[in-house]
Amino acid sequence: MNYDWTNYRREPWNRRFPPQITGLPEWERRSLERDWLPTAPAVAPPCPRVFVSHRQADRNEALRVAYLANQNGFEYWLDVLDLSPAQVPAGHSPALAIAQIIEMALLNCSHVAAVFTVRTPGSLWVPYEYGRVKEPRVITIAASAWVQPSITSNDLPEYLLLGPIHRSESHLCTWFQTERKKWRGTGLPQAFPGSTPPALPS
């Protein structure tokens, strides 16, 4: 289903991460350097933030996952609403910018939620983003995935075994609620912009 994305108010992405996202000032100065990557923040944010990992073809499902996270006390990083290679200044390598932005996004998030559909196999970034959260440079080791119900367990890649797999919105919401209760910070997320995204396939 094609969802009408014009319903979504696209606020400047840096307003959602006050006062500055970790790595942004350095990225603006050093993003042309091939050997530069941002470093992890020294302090966890007051509110958990989930990185929604997905293929561009699954952006409707990714938007719904971000919405569900937000309804359960999370901020989110979603490339179609936040900093993306489309905002990269002229003269930058698009491929390098993508890698740096993804790394910066992961370092500013406490959790990863992957969207896995029939369109995901072949993605180079979803496995990287999902596994990356397990490394000590990031804030936590919490990863989860929503899997399209029509996909059989035999068709799932091994990397999804790093975290719980959910096939319904209610199970995914329970995971968000459980992770939110573990969070020490008491900050509240900003309200999700626009109308309610359509439900995930069941």
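Residues numbered from 1 in each chain as written. Predicted model: local features only at pLDDT ≥ 70, side-chain atom pairs only at ≥ 80, totals over all residues. Heavy atoms only, no water.

Engineer: Would you mind going over the confidence of the model for the chain in detail, with residue names and values included?
Structural biologist: Mean pLDDT over the chain: 78, with 68% of residues reaching 70 or higher. By mean pLDDT, the top-scoring element of the chain is helix H5 (residues 169-182) (96), and the lowest-scoring one is helix H1 (residues 24-30) (66). Confidence drops under pLDDT 50 across residues 5-14; counting only partners more than four residues distant or on other chains, this segment forms 25 contacts. (pLDDT = per-residue confidence, 0-100. Helix = DSSP H or I, 4+ residues; strand = E, 2+ residues; numbered from the N terminus. Contact = heavy atoms within 4.5 Å.)

Engineer: Give a description of the pairing of strand E1 (residues 49-53) that names residues and reports values.
Structural biologist: The buried count for E1 comes to five of five residues, which makes it a mostly enclosed element. Alternating residues of E1 divide into Arg49, Phe51 and Ser53 and Val50 and Val52, and every residue in both groups is buried. With three bridges connecting them, E1 and strand E2 (residues 75-77) associate as parallel partners. Along E2, the bridge assignment pairs Val50 with Tyr76. Each parallel crossover has a hand, and the one from E1 via helix H2 (residues 59-71) to E2 is right-handed. With four bridges joining them, E1 and strand E3 (residues 111-116) adopt parallel strand pairing. (Buried < 20%, exposed > 50% of the residue type's maximum accessible area, 1.4 Å probe, protein only. Pairing = 2+ DSSP bridges. Right-handed = clockwise from strand over helix to strand, strands pointing away.)

Engineer: Pulling in residues and values, what's your account of the pattern of salt bridges?
Structural biologist: This structure, assessed with the given rule, holds four salt bridges. Salt-bridge contacts for Arg119 lead to Asp58; the nearest nitrogen and oxygen are separated by 2.5 Å. Of this pair, Arg119 sits in the loop between E3 and helix H4 (125-132) while Asp58 sits in the loop between E1 and H2, and the two are 61 residues apart along the sequence. According to the relative accessible area criterion, Asp58 is buried, its value standing at 0%. In this structure, Glu169 and Arg64 form a salt bridge, with 2.8 Å as the shortest nitrogen-oxygen distance. You can see Glu169 sitting in helix H5 and its partner Arg64 sitting in helix H2, a full 105 residues away along the chain. The same class applies to Glu169 and to Arg64, which are both buried. Counted as one network, the salt bridges with shared partners bring together Asp58, Glu61 and Arg119. (Salt bridge = Lys/Arg side-chain N within 4 Å of Asp/Glu carboxyl O.)

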